[in-house]
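Single-letter residue listing:
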Amino acid sequence: MPGPKSAILRRIAPQLVILAIALLLNVLIFPDFFHIDFRNGRLFGNLIDVLNRGAPVALLCIGMTLVIATRGIDLSVGTVMAVAGAVAASMVVEGHGWGTALLAALLAGGMCGLWNGVLVAVLRIQPIVATLVLMVAGRGIAQLITEGRILTFMNEGLIHLGAGTVLGMPTPILIWVTLGAVAITLVRRTALGMLIEAIGINERSSRLAGINSRVLLICVYLVSGLCAALAGVIVAADIKGADANNAGLWLELDAILAVVIGGNSLLGGRFSILASLLGAMIIQSINSVILLSGLPPEFNLVIKALLILAILVIQSPRIGYLLYMLRAAGPQPQPRPGTADTLPKRKKEAAR
Amino acid sequence: MTDPVRPVLHARGISKFFPGTIALDDVELRLNPGEVHALLGENGAGKSTLIKCLTGAYQRDAGTLLLDGAPINPASTAASQKLGIGTVYQEVNLLPNLTVAENLFLGRQPLRGGFVSRRRMNAMARETLAGYGLKIDPTEPLTAYSVAVQQVVAIARAVDMSGKVLILDEPTASLDRDEVALLFSVIRQLKARGLAIVFITHFLDQVFEICDRATILRNGRVVGDCALAEVSRREVITMMLGRQLEARVHSKKTGTVGKPLVQVADLGRRGMIEPFSLDIHEGEVVGLAGLLGSGRTETANLIFGAVMPDQGRIRLRGTDITIRTPRDAVAHGFALCPEDRKSEGIVGDLSVRDNIILALQARQGWMRPIPRAKVTEIADRYVRALDIRLASLDTPIRLLSGGNQQKALLARWLATNPAFLILDEPTRGIDVGAHAEIIALIDQLRADGMALLVASSELEELVAYSTRVVVLRDRVQICELTGDQITPDTIVQAIADDPHPHAEPV
Amino acid sequence: MTLKATLLASVLVLSPGALLAADMTIGFSQIGSESGWRAAETTVTRQEAESRGIELKFADAQQKQENQIKAIRGFIAQGVDAILLAPVVATGWDEVLEEAKDAEIPVVLLDRTVDAPEDLYLTAVTSDLVHEGRVAGEWLAEEMAGEDCRIVELQGTTGSSPAIDRKKGFEEGIAGQDNLEIVRSQTGDFTRAQGKVVMESFLKAEGGDTICALYAHNDDMAVGAIQAIKEAGLKPGEDIKIVAIDAVPDAHLAIANGEMNATIELTPNMAGPALDALEAYLANGTEPAKWIQTESKLYTAADDNQAVYEEKKNLGY
């Protein structure tokens with residue numbers, strides 16, 4: 001619900017704090033981290049890189065947050081990125097305009113999302129299994145489209161989506177910020193957010209309350225597919241080529257991680273897209289720490305794992321549960337434990 | 001304490017609290033050796049909570065448990081098993097892919113030089129099962145045999161390991177008649193051996209056939225403890241459904257019954273409920289009476305589209321309508337407060353505010369959000385009107401007590417301004433105060449011209465608010481009572497008449 | 001590519017004309033088509049066989065050793081004259097190689113070697129990964145001619161043998177040159193996208209003006225890095241010298257456009273030397289050396305890269 005500003009702030013406070021710490025780490029390693037200048041017609045600096053390089057995961061986590069809110073998961077997003085990138089690249093290589101290519105890529109992503117949605121909402125297949133099908137099959141499809149090589153293209157319009165700038169600001173940043181704002185507005189200014197949360201918390205109750213859970217479920221997977229398609233186009237445009245083997249590889253895991261760092265429960269229910277987006281930026285800040293540190297690459301995964309472990313421990317449900325219990329325990333009369341009550345009677349029994 | 005026989009198991013003053021409810025209130029249960037003791041009660045009466053307290057699955061909050069006169073405090077089902085209390089559940093909890101013998105001796109296999117001696121184990125299993133009149137091959141996997149045989153294996157294991165008290169939790173629910181006969185012969189043998197057996201079922205005829213005594217629970221309290229030879233079927237039903245409130249509830253039932261609003265014709269679903277017809281008029285409360293499993297909830301679900309009927313039709317104000325999903329029903333101004341509040345009613349983690357507005361918002365569609373100020377106004381209005389007690393509208397609904405949750409669900413539906421309200425067990429598991437308020441509310445809604453269909457296992461309640469009562473038995477509508485016919489006596493009579501086919505001696 | 005290649009292969013195998021024309025039949029167990037280079041290797045092998053009038057039976061193992069072993073057993077059963085094997089892993093080949101030896105069918109390893117007794121195969125045709133790196137290092141040393149140069153390195157996938165060997169070779173190539181220094185080294189996972197991302201961070205961490213050369217373990221990463229350099233307002237190939245390995249078509253194009261300076265070829269033509277050795281062995285029993293090293297050809301702006309690009313772009317890279 002679009003609560004008062006303070007409620008939203010309270011919700012995203014942990015993410016803001018962690019992001020601040022992650023950025024601080026960057027500054028410690030590289031004092032000029034916040035320095036931004038204008039070079040070659042574009043904003044140039046590490047902070048811009050974090051925002052720019054975080055775009056694919058940020059886009060993915062918008063859809064992923066909604067899917068996870070319904071108690072689902074979408075493992076196919078990384079693969080859908082590869083498919084969409086391949087479709088867009090092959091379209092411009094065949095001589096179509098960038099607009100057509102973008103539409104075709106979104107259509108492909110939408111179809112993938114629809115497929116997942118139907119498997120989950122209509123055939124009632126477990127989301128993790130349903131989306132695993134496409135996760136495996138999709139990369140093969142992408143490789144068929146690109147014939148297994150990097151499909152290089154020179155279409156300026158398409159390249160602009162990934163590597164271009166608008167008023168000096170890299171296009172991917174504008175795309176994910178805009179889409180994020182649209183998504184947040186859409187779910188919170190309409191009733192969509194509440195209905196999705198209701199389905200995630202208790203689908204049966206929601207259905208009995210008259211919510212069209214099947215259509216809503218299909219819709220969230222559709223949105224996830226569309227977000228993935230957009231991310232795939234950006235990634236392909238960024239390197240002027242569709243790399244079916246590597247595009248979006250393992251990014252579904254980063255997207256899920258961003259949602260989790262955003263404090264959203266994998267068990268569905270209450271969600272915050274804003275917090276997920278902050279989660280995506282936190283992950284990218286950690287990547288930035290690794291790149292700027294100059295340590296040998298053998299340390300990359302260790303550093304990332306340690307930092308993420310630290311974040312998850314800070315946010316662990318056990319600690320949250322303790323806080324919750326402290327607050328909730330107050331007014332509720334706690335039943336006394338059995339032994340305390342039975343002991344005196346037992347004595348009586350023995351005396352008899 | 002006049003009973004000359006010392007009970008094998010004696011539970012005294014057992015109480016168990018859950019947040020917001022009292023599941024067991026000062027319950028006493030005496031099990032004599034060589035006795036089959038029925039534990040009776042409607043859903044939510046406290047049967048399963050009591051069993052869990054006896055077997056150590058739950059820790060009781062008060063009371064004493066005496067086994068052969070000595071106090072016990074089992075901390076787990078394994079501990080109670082060691083002490084001598086064995087339990088067999090409806091869903092056989094054995095390992096289907098192991099052999100019969102392995103299932104019998106799992107965790108206590110006869111050893112020989114540190115290794116399981118299969119030969120001895122199989123021989124022992126054969127011998128044990130023969131003792132129950134069962135001549136089967138113990139080296140076969142358990143799944144090779146019927147559910148009844150699996151039940152007997154489970155019983156044999158429980159008796160072997162425990163040997164004093166055997167608790168059978170709905171063992172006959174999925175058995176056919178011959179299988180029930182097999183099970184009963186085993187129970188009789190065990191009874192002859194001096195075991196105390198607790199038998200839980202909702203088949204009353206089976207209770208009268210096999211049991212000696214019965215303890216009857218209602219709303220977490222013992223309402224009867226009697227020798228079954230001394231009471232009638234009707235008296236037992238009366239105790240289960242209750243009638244001691246009879247004197248103080250009587251409704252004025254003012255207002256006039258209007259035109260027929262909902263007309264149901266031949267609505268049914270195979271294996272769930274026989275086709276039935278029912279007219280509900282404006283300004284009328286139709287009560288649905290019957291024992292557990294008689295088809296009350298199924299009737300409500302079928303009309304609301306929660307379950308798709310496979311035949312029949314529904315007319316609203318004289319026009320045919322199609323209801324395939326609850327969504328269709330809501331669109332036609334129907335509303336349903338389901339029996340299982342927790343899993344079908346509330347959306348636990350959402351706030352009370354969101355829970356109240358949910359149905360109205362779902363009907364409007366997501367594109368037309370109800371403004372927050374309006375939502376707060378609606379929620380506030382119903383919180384005051386129904387006296388829902390809460391810290392704030394933002395409190396997650398799962399933190400509310402049962403009664404307040406139920407009122408919030410009523411608010412959810414009243415907010416949609418329904419023409420037809422279906423209530424399934426509207427007063428189950430809620431405290432006395434809220435209970436009376438909900439009954440008053442039902443009466444007021446009727447007086448305001450709403451059509452209501454209320455399923456309940458509380459007879460006084462039904463008598464209090466119903467203008468008509470439809471009685472169900474074994475998923476068939478058996479009669480309809482109107483006007484002065486509506487008394488707890490006549491309802492019980494209708495339910496008890498014409499004994500269950502299973503009652504014939506087997 | 002896989003699909004096309006497989007179809008082509010089955011047509012070749014099934015066509016009765018090819019059967020009659022062939023006086024020699026060779027089985028080729030390929031790993032799969034995980035990269036453009038491998039697709040090119042398949043294409044070139046096919047072309048080499050065709051030009052020599054050899055019938056090639058092709059089997060795509062889809063990255064699975066068990067498929068390769070199955071394919072080799074199939075070749076033995078069909079009584080082929082020789083077998084080409086691009087092994088997906090190094091170990092576990094002894095048994096099936098014994099079987100081939102018992103059937104007196106010579107096996108030639110392509111592109112990678114195996115951990116098996118040397119007498120179980122005829123020879124191995126591979127490139128020398130360390131040598132490739134060394135060529136790159138020596139080229140850069142010569143290019144700089146004593147001038148100071150701060151080098152950044154884009155490594156391959158951490159822990160993979162090409163990444164380890166190409167790093168080692170490059171360091172050998174620049175050893176003893178005090179003017180050359182590797183200032184940053186990070187993995188780009190052999191991908192274009194990561195190559196670009198990591199180069200971006202190099203440019204910021206070191207300052208674009210202070211970096212004089214980039215050494216990338218493969219061309220894909222170099223192509224990504226070129227874009228990052230351009231976006232930083234610098235001229236790749238001029239402000240920052242770029243040398244990489246593989247010589248994929250896009251690298252030739254980049255050199256032709258002046259955005260890259262050198263690439264060392266990992267030739268997809270492993271089959272040429274392999275078939276030469278086989279033909280000699282089958283004709284008069286000439287035992288080849290146990291290891292045939294392919295040429296690691298250096299391409300620079302001095303070569304006609306546009307022509308090489310046109311020639312290579314249809315090989316399936």
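Residues numbered from 1 in each chain as written. Chains lettered and ligands numbered in written order. Predicted model: local features only at pLDDT ≥ 70, side-chain atom pairs only at ≥ 80, totals over all residues. Heavy atoms only, no water.

1. Side note on the side chain of Ser456 of chain B
Residue and element names in this part refer to chain B. Assignment of secondary structure puts Ser456 in the loop between β20 (451–455) and α16 (459–465). A polar contact of 3.3 Å, which involves the side chain of Ser456, links it to the side chain of Glu461. When neighbours within four sequence positions are excluded, Ser456 is seen to be in contact with Leu288, Ala289, Arg296, Glu425, Glu461, Leu462 and Tyr465. (Helix = DSSP H or I, 4+ residues; strand = E, 2+ residues; numbered from the N terminus. Polar contact = N/O pair within 3.5 Å; in protein donor to acceptor, adjacent residues only side chain to side chain. Contact = heavy atoms within 4.5 Å.)

2. Quick look at the domain arrangement of chain C
The parts lose accessible area when they come together, and the size of an interface is often stated as this lost area. Partitioning chain C into domains gives domain 1 (2–126 + 267–286) and domain 2 (129–266 + 303–308). One C-alpha centre belongs to domain 1 of chain C, the other to domain 2 of chain C; they are set 33 Å apart. (Domains from an automatic or database assignment.)

3. Examining the interface of chain B and chain A
Between chain B and chain A, the contact holds 43 residues from the first and 37 residues from the second. Each partner contributes to the roughly 3,300 Å² buried at the junction of chain B and chain A, and carbon and sulfur atoms together form 60% of this total. Among the residues of chain B in contact with chain A, Glu344, Trp366 and Arg372 of chain B are the three that bury the most area, contributing 18% of the side total. The tally of links from chain B across to chain A stands at 1 salt bridge. With its nearest N and O atoms 2.6 Å apart, the salt bridge here joins Arg204 of chain A to Glu344 of chain B. (Buried area = accessible area lost by both parts, 1.4 Å probe. Salt bridge = Lys/Arg side-chain N within 4 Å of Asp/Glu carboxyl O.)

4. Digging into the packing of aromatic side chains
Under the definition given, this model contains 6 aromatic pairs over all chains. Look at Phe334 of chain B and Phe420 of chain B: their rings are 5.0 Å apart centre to centre, the planes differ by 90°, and that puts the pair in the edge-to-face class. Of this pair, Phe334 of chain B sits in strand β18 (residues 334–337) while Phe420 of chain B sits in strand β19 (residues 420–424), placing them 86 residues apart in sequence. In this pair, the class of Phe334 of chain B matches that of Phe420 of chain B, namely buried. Considering the side-chain rings of Phe28 of chain C and Phe58 of chain C, the 5.7 Å spacing of their centres and the 65° angle between planes classify their relative orientation as edge-to-face. Of this pair, Phe28 of chain C sits in strand β1 (residues 24–30) while Phe58 of chain C sits in strand β2 (residues 54–60), and the two are 30 residues apart along the sequence. Across this residue pair, the class does not change: Phe28 of chain C and Phe58 of chain C are buried. A cation sits over an aromatic face here: Arg193 of chain B above Tyr132 of chain B, 5.3 Å from the ring centre. Sitting over the face of the ring of Phe44 of chain A, Lys204 of chain C holds its NZ or CZ atom 4.2 Å from the ring centroid. (Phe/Tyr/Trp six-rings, centres within 6.5 Å; stacked < 30°, edge-to-face > 60°. Buried < 20%, exposed > 50% of the residue type's maximum accessible area, 1.4 Å probe, protein only. Lys NZ or Arg CZ within 6 Å of the ring centre and 35° of its normal.)

5. What about unusual backbone geometry?
All names here are of chain B. You will see that Asp26, though not glycine, has its phi angle at about 55°, which is positive. Positionally, Asp26 belongs in strand β2 (residues 21–31). Residue classification places Asp26 among the exposed positions, given a relative accessible area of 54%. The backbone phi angle of Asp387 is positive, close to 55°, even though this residue is not glycine. Structurally, Asp387 is set in the loop between α13 (372–385) and α14 (402–414).

6. Some remarks on the interface of chain A and chain C
Taken together, the contact between chain A and chain C spans 32 residues of the former and 32 residues of the latter. Between chain A and chain C the total buried area reaches about 2,800 Å² when both faces are included, carbon and sulfur atoms providing 50% of it. Area buried by chain A at its contact with chain C is led by Ile239, Leu291 and Pro297 of chain A, which between them contribute 21% of it. Taken together, the connections running from chain A to chain C amount to 4 salt bridges. Residue Asp238 of chain A pairs with Lys196 of chain C through a salt bridge whose shortest N-O separation is 2.3 Å. Here chain A and chain C share 11 residue pairs in polar contact (both at pLDDT 80 or more) between them. Listing elements by their share of the side of chain A that touches chain C, those giving two or more residues are β2 (42–45), α2 (46–53), β3 (150–152), β6 (241–243) and α13 (273–293) of chain A.

7. Considering the UniProt feature "domain: Periplasmic binding protein" (unreviewed entry) in chain C
The residues that UniProt annotates with the feature "domain: Periplasmic binding protein" (unreviewed entry) are residues 26–274 of chain C. End C-alpha atoms of residues 26–274 of chain C are separated by 11 Å, and the span's content is 43% helix alongside 21% strand. (UniProt positions renumbered as here; feature names shortened; annotations may be inferred.)

8. As for the arrangement of the chains
Across the 2 pairs of chains that are in contact, the largest number of contacts falls between chains A and B. The closest approach of any C-alpha atom in chain B to one in chain C is 33 Å; the two make no contact.

9. Some words on helix α4 (residues 65–78) of chain C
All names here are of chain C. Over its 14 residues, α4 runs 20 Å from end to end, which matches the ideal 20 Å to within 8%, given 1.5 Å per residue. Of the positions making up α4, those classed as buried are Gln68, Ile69, Ala71, Ile72, Phe75 and Ile76. Around the axis of α4, the buried residues are gathered within 160° of arc, so they sit on the same side. Looking at α4, the residues exposed on the side facing more than 90 degrees away from the buried face are Glu66, Lys70 and Ala77. Among the structural elements, β1, β2, β3 (82–85) and α5 (94–102) are those in contact with the buried residues of α4. In the stretch just after α4, Gly79 is the one whose phi turns positive, near 70°. (Expected span 1.5 Å × (residues − 1). Arc of directions from axis to C-beta.)

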